[in-house]
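# Structural characterization, general
The chain contents come next:
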Amino acid sequence: MVLAVFAGFLARLVLSVVFPPLAADFLGGALAGFLAGGPMHRGFLAGFLAGILGALFIAIVVTVLGTLFAGIVGLLAGGAVGTMLVLMGVLGAVLSGLGGVFGALLRGMRS
């Protein structure tokens, strides 16, 4: 399942360049759920964890880049924006989880 979560996380990051963020969350979660296989709750968990991992990654990048470019003010601003991104990321993680359920259902239909 760890590989499925990591694949969903990477897919979420790559797809967010092309698709709107919420669509990228859902599709990344769907990939994680599909790769995780098993029942729907396993797909939800894989998608949700991929979404949380993506949200944390983006929040950390924003905070670090803000600090590098603007010093202590950037750290404070980056921390505030990073916190907002994590909170928004929870919504994305839930959508990733729902995508995981969808992916698990797709895999179940193929079996």
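Everything below is about the structure shown above.
Residues numbered from 1 in each chain as written. Predicted model: local features only at pLDDT ≥ 70, side-chain atom pairs only at ≥ 80, totals over all residues. Heavy atoms only, no water.

## As for the packing of aromatic side chains
The line we're drawing: Pairing of aromatic rings covers Phe, Tyr and the six-membered ring of Trp, with a centre-to-centre limit of 6.5 Å; geometry is then stacked below 30 degrees between planes, edge-to-face above 60, and tilted otherwise. Secondary structure follows DSSP: runs of H or I at least 4 residues long count as helices, runs of E at least 2 residues long count as strands, and numbering of each begins at the N terminus. Partly exposed describes any residue whose relative accessible area lies between the buried limit of under 20% and the exposed limit of over 50%, with all areas from a 1.4 Å probe on protein chains only and scaled to the type maximum.
Applying the stated criterion across every chain yields a total of 4 aromatic pairs. With a centroid separation of 5.9 Å and 45° between ring planes, the pair formed by Phe 6 and Phe 9 is classed as tilted. Taken together, the positions of Phe 6 and Phe 9, both in helix H1 (residues 2–18) and 3 residues apart, correspond to about one turn of that helix. For the pair Phe 44 and Phe 48, a centre-to-centre distance of 5.9 Å together with 15° between the ring planes defines the contact as stacked. Taken together, the residues span about one helical turn, with Phe 44 and Phe 48 both in helix H3 (residues 40–110) at a distance of 4 residues. According to the relative accessible area criterion, Phe 44 is partly exposed, its value standing at 31%.

## Some points on the layout of surface pockets
Let me state the cut-off plainly: Buriedness of a pocket was judged along seven lines, with at least five required to meet protein on both sides within 12 Å; pockets are open sets of points on a 1 Å grid over the protein atoms alone, cavities are sets where a 1.4 Å probe fits but cannot get out, and lining residues have an atom within 4 Å of a point. Grid points are joined across faces, edges and corners, and a volume is the space filled by probe spheres set on the points.
For the largest pocket, the calculated volume is near 270 Å³. Looking at the largest pocket, it is lined by 13 residues, and the ones nearest its centre are Arg 12, Pro 21, Asp 25, Ile 58 and Met 88. Considering every element that reaches the lining of the largest pocket, the biggest residue donor is H3, with 7 residues.

## Quick word on the side chain of Ser 96
Spelled out, the test is: Contacts are residue-level and defined by heavy atoms, with any inter-residue pair within 4.5 Å sufficient.
Checked against the element boundaries, Ser 96 lands in helix H3. Take Ser 96: its relative accessible area is 1%, and that puts it in the buried class. If near-sequence neighbours (up to four positions away) are discounted, Ser 96 is found in contact with Arg 12, Asp 25, Gly 29, Ala 30, Gly 47, Phe 48 and Gly 51.

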